[in-house]
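Chain by chain, the residues run as shown.
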Amino acid sequence: MTHVLPLERLQVHWAMIVFLALLAGLGLALGFAPWGLWPLTILGAGLFTWLVAGRGPWTGFGIGMLSGCILYGCTIWWVGAQAGPVVWVLVVVMAVWVGLIGIASSLITRLSGWCLLVPLAWSAVEYGAERIPFGGFPWLRLGYTTIDQPLAGWLPWIGVSGATWLVAMVGCCCLAVVVQRRRLIPLLATVSAFIIGGGSLLVPVDGGGQRIAVGMVQGNAQLGLSSGYIAATGAAPHHLSETIFLLADARAHGQQLDLIVWAENSTDTDPMLNPTTKAQVSAAAELAQVPIDLGAVTAGPEPRTRRTTTLVWVPGQGPTDHYHKRNLAPFGEFVPYRDVLEPMFPDVKRAGYQSIPGTEPGVVTVPTVTDPGLKVGTVICYELAYDQTVYDTVAHGAQIQVAQSTTHNFSGTTEPLQQMNINRVRAAELRREFIASTLNGYSGFIDARGRLYEPTREYTAAHRIYIVPERDNITPAVYLAPLLGLAQLLGCLAAGGISFYVGRRARLTGSLDRRHIVSKEQETQ
């Protein structure tokens, strides 16, 4: 039996259905940065479910495509700043995932308990979008909209994948309260989710261990991507200059630094191959007399390839440890199907040489005076969107967390704010402080609850000094969220399969009953 009143039964004109589908997509989009209107995302999920409930799978897919195009068109248009018109190909590809949610929801809403089952479709699709296509594009996940609301209290327990289920569940329960006669259970589920989540936010965070003084440098280098490596336009000298200001500030306040963090691509040529860049980085390290954790563009293993790398540069020694970025942004750091797309969309040439991903966890050893074996968890830019990449840092012994980003090609768009929002979500999820360092975007210190302090501004050179506690805690989300993702995928497939089977059996039974009635009437005649 269908437990949600399908829109089609109201005999609404198809134009109104299209309008409401677009409106649902807009509501979903407005919960993300920079808007942060999270109640609209919840309502958008509910409206979307209402639109597809009880409809045929292809109709559900079409409604999902409409909502998905608006959702992604409003939120990831910034990819076009580098990739050009090909961004709309990416928008359509990602909208297909929302279309799949429409198919699954149209089936699952026919089952009892749909309020708890439909959200599995949202989580299952996010599980797939983290992997397909082009290595995944998990930039938009409903769980990212929770950071400024009570549901954020669930993040350290069930992670982003679990938070996505909660957002969709609350949206479905709100829908049930409006269209069903039995409203008590969905109402209690909604209230309980907010009360438990809000209560978790009141649990104090322990002070952590030994304090580490970290100097963060934002160099404000404007870079171009029209040539092989990122064009050498002054990233390293800008960071050297701002490091001098940082050191003067530290001396004026009697502060002894333990290490300095530069942003992703803070050296625009390989400092291990380019003598000028090497001299600039070495000069900064010698002046500071502390290690520098810097982002570098390094030569790849094959001709005309590169790597995005974090290097630990120690005074008098040079690079002592490194980490190669594992998750690469499509059309930003590499171009999928380049031979096909580049002739059609010449703008993709701005991505430069193809980047090669690393394979090891993002943990580097930084020898400081305070802790000679300090383990620094490093997440580089786009990697923030990947659960396992982030979880691997703490699982492999990271004691402090650093997020290095570029964002220079997307300055003035919504991308830097979306990225800072994901930084905040990850900090709350791991219950660890994050130092966010960008080339010329929004840098800052994020506490273990996901609150941002002392942010910088775009297009400015800046530095900060942060005192960060060492931590060894690992939240339940690190272990539970990966299992939840797979379980939600299997649960969605099972629920959809059961609904399809039950519906097909009901249609066959109805057909046989009608034939039986007709035959009886014929016998009577």
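Residues numbered from 1 in each chain as written. Predicted model: local features only at pLDDT ≥ 70, side-chain atom pairs only at ≥ 80, totals over all residues. Heavy atoms only, no water.

Thoughts on the overall build of the protein chain
Our working definition: Secondary structure elements are defined from DSSP: runs of H or I of at least 4 residues count as helices, runs of E of at least 2 residues count as strands, and each element is numbered from the N terminus. Each residue is assigned to one of three classes by its accessible area relative to the maximum for its type, calculated with a 1.4 Å probe on protein chains only: buried under 20%, partly exposed between the two thresholds, exposed over 50%. Working rule for contacts: check all heavy atoms of both residues, and any pair within 4.5 Å makes them a contact.
A count of helices and strands for the protein chain gives 14 helices and 13 strands. Out of the 525 residues belonging to the protein chain, those deemed buried represent 58%. Sequence separation of at least 24 residues holds for 71% of the intrachain contacts in the protein chain that already meet a minimum separation of 6.

Digging into the UniProt feature "transmembrane region" (unreviewed entry) in the protein chain
Defined as follows: UniProt positions are given in the numbering used here, feature names are shortened, and annotations may be inferred rather than shown by experiment.
When the UniProt feature table is mapped to this numbering, "transmembrane region" (unreviewed entry) covers residues 12-30, 36-53, 60-80, 86-107, 154-177, 184-203 and 479-502. Here residues 184-203 runs as 90% helix and 0% strand, with 29 Å between its end C-alpha atoms.

Things to note about the packing of aromatic side chains
Counted only if it meets this: Here the aromatic set is Phe, Tyr and Trp, taking the six-membered ring for Trp, and pairing holds for ring centres within 6.5 Å; pairs whose planes are under 30 degrees apart are stacked, those over 60 apart are edge-to-face, and all others are tilted.
Summed over the entire model, instances satisfying the criterion amount to 10 aromatic pairs. Taking 5.6 Å as the distance between ring centres and 70° as the angle between the ring planes, the aromatic pair formed by Phe48 and Trp122 counts as edge-to-face. With Phe48 in helix α2 (residues 38-52) and Trp122 in helix α6 (residues 114-129), this residue pair connects regions lying 74 residues apart in the sequence. We classify Phe48 as buried; its relative accessible area is 0%. Relative accessible area serves as the criterion here: at 4%, Trp122 is assigned to the buried category. On the basis of an interplanar angle of 75° and a centroid distance of 5.5 Å, the ring pair of Tyr382 and Tyr386 is categorised as edge-to-face. The class for Tyr382 is buried, based on a relative accessible area of 4%. A relative accessible area of 5% places Tyr386 in the buried class.

Let's talk about the packing of α2 against helix α7 (residues 155-179)
Applicable threshold: Angles shown run from 0 to 180 degrees and are taken between the N-to-C directions of axes, each axis being a line fitted to C-alpha atoms and, for helices, limited to the stretch in contact. The scheme is simple: roughly parallel for angles under 35 degrees, roughly antiparallel for over 145, roughly perpendicular for 65 to 115, oblique for anything else. By convention, the crossing between two helices is left-handed when the near helix turns anticlockwise from the far helix through less than a right angle, and right-handed when the turn is clockwise. Residues are grouped as follows: Ala, Val, Leu, Ile, Met, Phe, Trp, Tyr, Cys and Pro are nonpolar; Asp, Glu, Lys and Arg are charged; every other residue, Gly included, is polar.
It is the contact of α2 with α7, at a shortest axis distance of 7 Å, that shows an interaxial angle of 60°. On the basis of their axis angle, the class for α2 and α7 is oblique. Between α2 and α7 the crossing geometry is right-handed. Contacts between α2 and α7 involve Thr41, Ile42, Ala45, Gly46, Thr49 and Trp50 on the former and, on the latter, Val167, Ala168, Val170, Gly171, Cys172, Cys174, Leu175 and Val179. The residue inventory of the contact of α2 with α7, partitioned by class, reads 10 nonpolar, four polar and no charged.

Things to note about the packing of α6 against α7
Contact pair α6 / α7: the axes reach a minimum separation of 8 Å and the direction vectors enclose 140°. For the element pair α6 and α7, the recorded crossing hand is right-handed. Touching Trp114, Cys115, Leu116, Val118, Pro119, Leu120, Trp122, Ser123 and Glu126 of α6 are Ser161, Thr164, Trp165, Ala168, Met169, Cys172, Cys173, Leu175 and Ala176, all from α7. Residues belonging to the contact of α6 with α7 are distributed by class as follows: 14 nonpolar, three polar and one charged.

A short note on the nonpolar core
Stated formally: By convention a nonpolar core is built from buried Ala, Val, Leu, Ile, Met, Phe, Trp, Tyr and Cys residues, the set being connected through side-chain atoms within 4.5 Å.
Grouped together as the largest cluster of nonpolar side chains are 89 residues, with contacts concentrated most on Ile76, Trp122, Phe137 and Trp139. Here the element with the most residues in this core is α7; it accounts for 13 residues. Residue contacts for Phe137: discarding those within four places in its chain leaves Ile76, Trp78, Val79, Leu90, Met94, Ala129, Pro330, Tyr382 and Tyr386. Counting 20 residues, the second-largest nonpolar core is a separate cluster that includes Ile212, Tyr323, Val364 and Val376.

Thoughts on a nonpolar patch on the surface
Convention followed: Here a patch means residues that are over 30% exposed by relative accessible area and free of salt bridges, tied together within 9 Å if like-charged and within 5 Å if nonpolar (Val, Leu, Ile, Met, Phe, Trp, Tyr). Areas reported as accessible are Shrake-Rupley estimates using a 1.4 Å probe. Residue values count occlusion only from the protein chains shown. Whenever Lys or Arg places a side-chain nitrogen within 4 Å of a carboxyl oxygen from Asp or Glu, that contact is recorded as a salt bridge.
Among the surface-exposed residues, Met16, Phe19, Leu23 and Leu26 lie close enough to one another that they form a single nonpolar patch of about 350 Å² accessible area. Examined against the element boundaries, Leu26 turns out to sit in helix α1 (residues 14-30). Using a relative accessible area of 34% as the deciding quantity, one classes Leu26 as partly exposed.

Topic: the pattern of salt bridges
Across all of its chains, the model carries 11 salt bridges by this definition. Here Arg141 ties to Asp387 by a salt bridge, and the two come within 2.9 Å at their closest N and O atoms. Taken together, the residues Arg141 in the loop between α6 and α7 and Asp387 in helix α12 (residues 387-395) connect sequence positions 246 residues apart. Between Arg424 and Asp148 there is a salt bridge, and its shortest N-O distance comes to 2.7 Å. Placement of the pair is Arg424 in helix α13 (residues 415-430) and Asp148 in the loop between α6 and α7, with a sequence separation of 276 residues. By relative accessible area, which is 15% here, Arg424 ends up buried. Here the residues in one salt-bridge network are Glu126, Arg141, Asp387, Arg426 and Glu429, joined through shared partners.

Side note on the state of the cysteines
Disulfide: a covalent bond connecting the sulfur atoms of a pair of cysteines. Note the cut-off: Sulfur atoms of two cysteines make up a disulfide when they are within 2.5 Å.
On inspection of all chains with the given rule, the structure shows zero disulfides. Free cysteine: Cys115, not disulfide-bonded; nearest cysteine sulfur from Cys173 at 4.4 Å.

Let's talk about the pairing of strand β8 (residues 374-380)
Just so we agree on the cut-off: Whether two strands pair depends on DSSP finding at least two bridges between them. We call a crossover right-handed when, viewed with the strands running away from us, the connection from the first strand over the helix to the second turns clockwise.
Burial runs high along β8: six of the seven residues are buried. Here strand β7 (residues 363-366) pairs with β8 via four bridges, running antiparallel. In the strand pairing of β8, Val363 is matched with Gly377. Bridging between β8 and strand β9 (residues 400-405) involves five bridges; their strand directions are parallel. Each bridged residue has a counterpart across the sheet, and for Ile380 the counterpart in β9 is Gln404. Crossover handedness for the path β8 to α12 to β9: right-handed.

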